[in-house]
Amino acid sequence: MFFSGTLVENQNEILVEEILSPRTIAMNKERHESAVLSCEKMYPWYNFTDRDFEDSRPSIVESWHKYSHNHEQENYDQALHRPQLPFGLDDLARVSCQPLLTPEECQVLIDEADGMNKETGKQPWMEGGARYSTPSDRVGALMPLERLPKSFNLINQQLLPRIFCSVVKAYDCCASHPSELRIGGARVVRYDAAAGQVELGMHRDFLAVTVNIALNEPSEFEGGGTVVEALSDIPIRLQKGHALIHPGDVRHAGSSITSGSRYVLVLFLMSKTIIPHDRYLGEWAERCMGIAVGSSMEEKESWLQTAAKYYSDAYSMGGRIDRGLFPWFYHRAGLGFPMSKEMEI
Ligand SMILES: [Fe+2]
């Protein structure tokens, strides 16, 4: 076995015990188990054996360029940019030193997504929809992998043990073994200058780790790449088949292309061992707020107080000031976080 060792209680777990009640921890664990089950239903790509992982060994990416914060700078904003536990300051992003996919594997995905595969036929690209301050007509087009049977099978049967092993090599804090990883979303994204679908605004993703794999050569388009906000406003541009991995929570954007087409395989990964307590606490809080709306006057206060406690715990657990209802709470508390247009009611 080349992934061994016992499961180490990570810092996140130790902090959790200090902040959350045993009941809340149990609720969040249950919520996480159900999230993992939902992923397994949608993408049944987890029943890999040790043999599968061993067989992938010759093709896994062992070496990754490490991207860290320059957190010595005075203007470094911890609340906005520090990666959440179990990721550290040096874990902002990783870029593979070798390709993770071969040119042939990249081509299978592009051809099928573009309707060049006769068996699959032509599937319409989905509009990404207006998101993160980018209007819908400028957002890159999406093709969920589950609509592409040949690519689905290629990833499931051949590539995923390699990808999971490579991710653990890049970030050993996110899982002690590749079998702990699950796919929570998988899609091909196409940025196409001629169609005007050229970019995606600054945002955070929802799962533990995001994997971006360049499917075509950077010479086939101008501009493009991924901007990691805390790092620089200069986009990271990948060679064909290479991967950029980052904690899902790190703020990033798809930079505009100005000509040509750019294809990216994006995988959202969940780890069985990383429970995003802040996210689940935010969900409980929003649920309490929802119940409060329909409650009698006597019951409202109790529900709102419960919601406030969950929000407070979410904040203590590293909940982000620019996510969900946090910006509104910050603004109301006079904490100076700038109010966005959507909050100006
Ligand atoms: Fe993203």
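Thresholds, definitions, all that
- Residues numbered from 1 in each chain as written.
- Predicted model: local features only at pLDDT ≥ 70, side-chain atom pairs only at ≥ 80, totals over all residues.
- Helix = DSSP H or I, 4+ residues; strand = E, 2+ residues; numbered from the N terminus.
- Buried ≥ 20, exposed ≤ 12 C-beta atoms within 10 Å, placed from the backbone.
- Contact = placed C-beta atoms within 7 Å.
- Pairing = 2+ DSSP bridges.
- Axes fitted to C-alpha atoms, helices over the stretch in contact; angles between N-to-C directions.
- Parallel < 35°, antiparallel > 145°, perpendicular 65-115°, else oblique.
- Left-handed = near helix turned anticlockwise from the far one by under 90°.
- Nonpolar A, V, L, I, M, F, W, Y, C, P; charged D, E, K, R; others polar.
- Expected span 1.5 Å × (residues − 1).
- Arc of directions from axis to C-beta.
- Core = buried A, V, L, I, M, F, W, Y, C linked by C-beta atoms within 7 Å.

**Student:** Help me understand the overall build of the chain in this model?
**Tutor:** Across its full length, the chain holds nine helices and eleven strands. Here the chain holds 345 residues, and the buried ones make up 39% of them. Of the contacts made within the chain by residues no fewer than 6 positions apart, 78% connect residues no fewer than 24 positions apart.

**Student:** Hey, could you run me through the sheet that holds strand 5 (residues 200–203) in this one?
**Tutor:** Taken in spatial order, the three strands of this open sheet run 5-10-8, and their pairing is antiparallel. Edge positions in the open sheet fall to strand 5 and strand 8 (226–228), since each of these has one partner strand only. For this sheet, the mean angle separating the axes of adjacent strands, direction not counted, is 10 degrees. Taken together, the two bridges between strand 5 and strand 10 (residues 252–254) define a ladder with antiparallel strand orientation. When the sheet's bridge partners are listed, Leu 200 is paired in strand 10 with Gly 254.

**Student:** Help me understand the pairing of strand 4 (residues 181–192) in this model?
**Tutor:** Taken residue by residue, a regular strand's side chains alternate between the two faces of the sheet. In terms of residue burial, strand 4 counts as a mostly covered element, since ten of its twelve residues are buried. With four bridges joining them, strand 3 (residues 141–144) and strand 4 adopt antiparallel strand pairing. Of the residues in strand 4, the one forming a bridge with Leu 142 is Val 189. Pairing analysis gives eleven bridges linking strand 4 to strand 11 (residues 257–271), with the strands arranged antiparallel. By the bridge assignment for strand 11, Gly 185 is matched with Phe 268.

**Student:** Is there a simple way to think about the packing of helix 5 (residues 103–113) against helix 6 (residues 149–170) in this case?
**Tutor:** Helix-helix packing is described using two parameters, namely the angle between the two axes and the distance between the axes. Direction vectors running N to C along helix 5 and helix 6 enclose 155 degrees, while the axes themselves pass 9 Å from each other. Between helix 5 and helix 6, the angle falls in the class roughly antiparallel. Viewed along their axes, helix 5 and helix 6 form a crossing whose handedness is left-handed. In this structure, helix 5 uses Glu 105, Val 108, Leu 109 and Glu 112 to contact helix 6, whose residues at the interface are Lys 150, Ser 151, Leu 154 and Leu 159. Of the residues in the contact of helix 5 with helix 6, the class split is four nonpolar, one polar and three charged.

**Student:** Looking at this model, I keep getting lost on the environment of Pro 103. Mind explaining?
**Tutor:** Structurally, Pro 103 can be placed in helix 5. Once the C-alpha coordinates of Pro 103 and Asn 216 are considered, the two residues, 113 residues apart in sequence, prove to be 8.2 Å apart. Other than its neighbours up to four places away in sequence, Pro 103 contacts Lys 240 and Gly 241.

**Student:** Honestly, helix 2 (residues 22–42) in this entry has me stumped. Any pointers?
**Tutor:** In an α-helix there are 3.6 residues to a turn, and that puts residues three or four apart on one side. An ideal rise of 1.5 Å per residue puts 30 Å on 21 residues; helix 2 measures up with 30 Å between its terminal C-alpha atoms. When we look at burial in helix 2, the residues that qualify are Asn 28, His 32 and Cys 39. Angular distribution of buried residues about the axis of helix 2 spans 40 degrees; they occupy a single face of the element. Across from the buried face of helix 2, at angles greater than 90 degrees, the exposed residues are Pro 22, Arg 23, Ala 26, Glu 30, Glu 33, Ser 34, Leu 37 and Lys 41.

**Student:** How should the packing of helix 7 (residues 277–293) against helix 8 (residues 297–316) be read in this particular structure?
**Tutor:** The N-to-C vectors of helix 7 and helix 8 enclose an angle of 165 degrees; their axes lie 8 Å apart at closest approach. One way to sum up the angle between helix 7 and helix 8 is to call them roughly antiparallel. Handedness of the helix 7/helix 8 crossing: left-handed. Taking contact as the criterion, the partners of Asp 278, Leu 281, Gly 282, Trp 284, Ala 285, Cys 288, Met 289, Ile 291 and Ala 292 in helix 7 are, on helix 8, Lys 300, Trp 303, Leu 304, Thr 306, Ala 307, Tyr 310, Tyr 311, Asp 313 and Ala 314. Residues that form the contact of helix 7 with helix 8 fall into these classes: 13 nonpolar, two polar and three charged.

**Student:** Mind showing me how you'd approach the environment of Ser 316 here?
**Tutor:** Note that Ser 316 resides in helix 8. Here the alpha-carbon distance between Ser 316 and Val 16, two residues 300 residues apart in the chain, equals 9.4 Å.

**Student:** Just to check I follow, could you spell out the nonpolar core for this structure?
**Tutor:** The nonpolar side chains of a soluble globular protein tend to be buried, and buried together. Counting 67 residues, the largest nonpolar core has Val 167, Val 209, Val 211, Ile 213, Ile 245 and Leu 269 as its most contacted members. The set of elements that each furnish at least two residues to this core consists of strand 2 (93–96), helix 5, helix 6, strand 4, strand 6 (209–214), strand 9 (243–247) and strand 11. Top element by residues in this core is helix 6. It accounts for nine residues. Excluding its chain neighbours within four sequence positions, the residues that come into contact with Ile 245 are Ala 93, Arg 94, Val 167, Ala 170, Tyr 171, Val 209 and Val 211. Counting ten residues, the second largest nonpolar core, distinct from the first, contains Trp 284, Ala 307, Tyr 310 and Ala 314.

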